[in-house]
Amino acid sequence: MSGAGQPAIQISGLYFAYDRVPILEAVDLRIEELDSLCIVGPNGGGKTTLLKLILGLLEPDRGQVLVRGRQPAEMRLHLGYVPQYSHYDPLFPVTVLDVILMGRLGRRLGGFYRAADRRVARDSLALVGLSHLEHRVFSAISGGQRQRVLIARALACEAEILLLDEPTANIDMETENQLFNLLRELNRTRTIVVVTHDVGFASSFFQRIACVNRRVATHPVAELDGRMIHELYGSDVALIRHDHHCGKKGSDCGV
Amino acid sequence: MFEFIEALRHPDVAFFRYAFLLGALASISFGVMGTYVVARRISYLAGAIAHCVLGGIGAGLYLRHKVGISWFDPIYGAIIAALLAALVIGLVSIHARQREDTVIGALWATGMAVGLLFIAKTPGYVEPMSYLFGNILLISQTDLWLVIGLDLVVVGIVLLCYNQLLAVSFDQEFAWLRGLNTELYTLLLLLLTALTVVLLVRVVGIVMVIALLTLPAAVAGTFARTLRQMMLGATLCCLLFVTLGLALSFNYDLPSGPVIILVAAVSYLLALAGKKIAAY
């Protein structure tokens, strides 16, 4: 499906407003295949809106978003999306396996799952280390576990581009380490875009960082420093670099 | 209870047998569609549809008795009004960025107003209270066939589209990303809800139909782990509430609609209390 030489995601001259209040303007962004990009920025800065524009869930007022050279809506089956788990109704009766199987929809006409779909769903669940929760009710597991189930659902899509919205919110350090390792593994074969508040997480995993505050500026992660964060957030932010050996005695995690 | 069973078999009270059969058969559609209404938290949409039904019934009565279109049963007017209301509400719900509740509230009251005006202009033929609060004397054999048809349509569509409807109900954005036509499935759910509401208006009336749509599903939802379990539980609960409600209303000479609803409401409170106790 991808055109030769096409970037995974290309955004040019993007402008988007809610009720005439500009949320994003003059946004240009190019994400190459197998890139790993982290989107950071203050609350209300337009991070999630940018993600939804890439997914095709919102349409730009001006400018263009292309996924592998085509409109996002046409490429939606190639996008794996992990929303925030808090987005879900806590009383909805659905099991963990049923949630992950939703990632297998859209592969053929009709909505029946085959044995192969169940196998892929179970493999995805195993990848996030939650095979033992297969039959549990989604709302009855912890927030961190729900976040991992949603990651497993995105993996079950077998999509080439993964977009994650705040995947480290409400998960403990050990789970975050597991997520870090999983994303690093997935990045060998997939393009990964993550929205996060966790600047430390961004600094330790991603190749590039996109700072979003109505406009977007991208930098190599190596350039991320206190001055840049101060400019982005308008105040000092504690940057905890997650070197993923911080649990070890004597390691220096603070920067 | 013995007298109730006798009454069901008695040839002179066919209306009572029809009421029971209608309630029992409709429990299937009510259990299935009520589950979607409760799980998706759209009972206010179903409420608006139910109240628009009065507009259709009023128009149907007027056309039949005043205009002289004798074949036009008020139930046809009710079905048309419910489907139109479901379409308008569905489109507003899908496309409106704001003021959705205002539009739905306005439609709710307008449907009632239109119905009452038509009924006022068709005096002597109908008692509005029968439609507002239900009257089992209104149930005919035709209604039974309509409910059987509805059950077949509802169960058939849900069996075919269970996974898609589950995905759309749980996470509409993700369902769209998986290539599903989420607007179509949303409209389909509302249209099926509209048809279900119309046919149960006969038993419990427009004002109380939403309670019978949502309370059995709410009771089942306190214990169900999956949408399938909730549908099955809601169907059984609805059957139980209708049977118990009709038996009590027969034994104590009370109007059946309110008794059925009170049985359902008490059961819901007991289910909530049972869940709290089980959690300790």
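Residues numbered from 1 in each chain as written. Chains lettered and ligands numbered in written order. Predicted model: local features only at pLDDT ≥ 70, side-chain atom pairs only at ≥ 80, totals over all residues. Heavy atoms only, no water.

Going by what an unreviewed UniProt entry lists, chain B is known as Metal ABC transporter permease and is assigned to Desulfurivibrio alkaliphilus. Database annotation for chain B, UniProt heading Sequence similarities (unreviewed entry): "Belongs to the ABC-3 integral membrane protein family." (UniProt positions renumbered as here; feature names shortened; annotations may be inferred.)

Looking at an unreviewed UniProt entry, one finds chain A named ABC transporter ATP-binding protein and attributed to Desulfurivibrio alkaliphilus. Listed under Sequence similarities (unreviewed entry) in UniProt, the entry text for chain A is "Belongs to the ABC transporter superfamily."

Draft legend 1. Geometry of the overall build of chain B. Counting its secondary structure elements, chain B contains 12 helices and 0 strands. Along the chain direction, N to C, the helices and strands of chain B fall in the order α-α-α-α-α-α-α-α-α-α-α-α. The dimensions of chain B, computed from C-alpha atoms along their principal axes, are 55 × 50 × 30 Å. Counting all 280 residues of chain B, 52% fall into the buried class. Here the contacts in chain B between residues at least 6 apart in sequence split such that 75% fall between residues at least 24 apart. (Helix = DSSP H or I, 4+ residues; strand = E, 2+ residues; numbered from the N terminus. Buried < 20%, exposed > 50% of the residue type's maximum accessible area, 1.4 Å probe, protein only. Contact = heavy atoms within 4.5 Å.)

Draft legend 2. Summary view of helix α10 (residues 209-221) of chain B. Residues and elements named next belong to chain B. Between its first and last C-alpha atoms α10 spans 19 Å; for 13 residues at 1.5 Å apiece the expected length is 18 Å, and the two agree. Counting buried positions along α10 yields 12 of 13 residues, so the element is predominantly enclosed. Of the positions making up α10, those classed as buried are Val209, Ile210, Ala211, Leu212, Leu213, Thr214, Leu215, Pro216, Ala217, Ala218, Val219 and Ala220. (Expected span 1.5 Å × (residues − 1).)

Draft legend 3. Representation of the layout of surface pockets within the structure. Estimated volume of the largest pocket: approximately 1500 Å³. Around the largest pocket, the lining is made up of 43 residues, and of these A:Leu57, B:Ile94, B:Gln172, B:Glu173 and B:Glu183 lie nearest the centre. Breaking the lining of the largest pocket down by element, the ones donating at least two residues are β1 (9-18), α1 (47-55) and β4 (62-67) of chain A together with α3 (43-67), α4 (74-95), α7 (141-170), α8 (172-177) and α9 (182-204) of chain B. Of the residues assigned to the lining of the largest pocket, the class counts are 21 nonpolar, 12 polar and 10 charged. In this structure, the second largest pocket spans a volume of roughly 530 Å³. Lining the second largest pocket are 23 residues; nearest its centre among them are A:Leu91, A:Phe92, B:Gly221, B:Thr222 and B:Lys275. Going through the elements one at a time, α2 (14-39), α10 and α12 (256-279) of chain B are the ones with two or more residues in the lining of the second largest pocket. Of the residues forming the lining of the second largest pocket, the biggest block, 5 residues, is contributed by α12(B). (1 Å grid on protein atoms, 1.4 Å probe; cavity = no way out; pocket = protein on both sides within 12 Å on 5 of 7 lines; lining within 4 Å. Points joined across faces, edges and corners; volume = space filled by probe spheres on them. Nonpolar A, V, L, I, M, F, W, Y, C, P; charged D, E, K, R; others polar.)

Draft legend 4. Representation of α4(B) within the structure. Residue and element names in this part refer to chain B. End to end, α4 covers 31 Å across 22 residues, agreeing with the expected 32 Å (1.5 Å per residue, within 8%). Of the positions making up α4, those classed as buried are Pro74, Ile75, Gly77, Ala78, Ile79, Ala81, Ala82, Ala85, Ala86, Ile89, Gly90 and Val92. Measuring from the backbone nitrogen of isoleucine 75 back to the side-chain oxygen at the start of α4 gives 2.9 Å, which picks out aspartate 73 as the cap. (Polar contact = N/O pair within 3.5 Å; in protein donor to acceptor, adjacent residues only side chain to side chain.)

Draft legend 5. Examining the confidence of the model for chain B more closely. All names here are of chain B. When pLDDT is averaged along chain B, the result is 89; 96% of the residues meet or exceed 70. Model confidence for chain B, summarised as mean pLDDT per element, is weakest for helix α1 (residues 2-9) at 76 and strongest for α8 at 95. Across the whole predicted complex the pTM is 0.88, and at the interface the ipTM reaches 0.87. (pLDDT = per-residue confidence, 0-100.)

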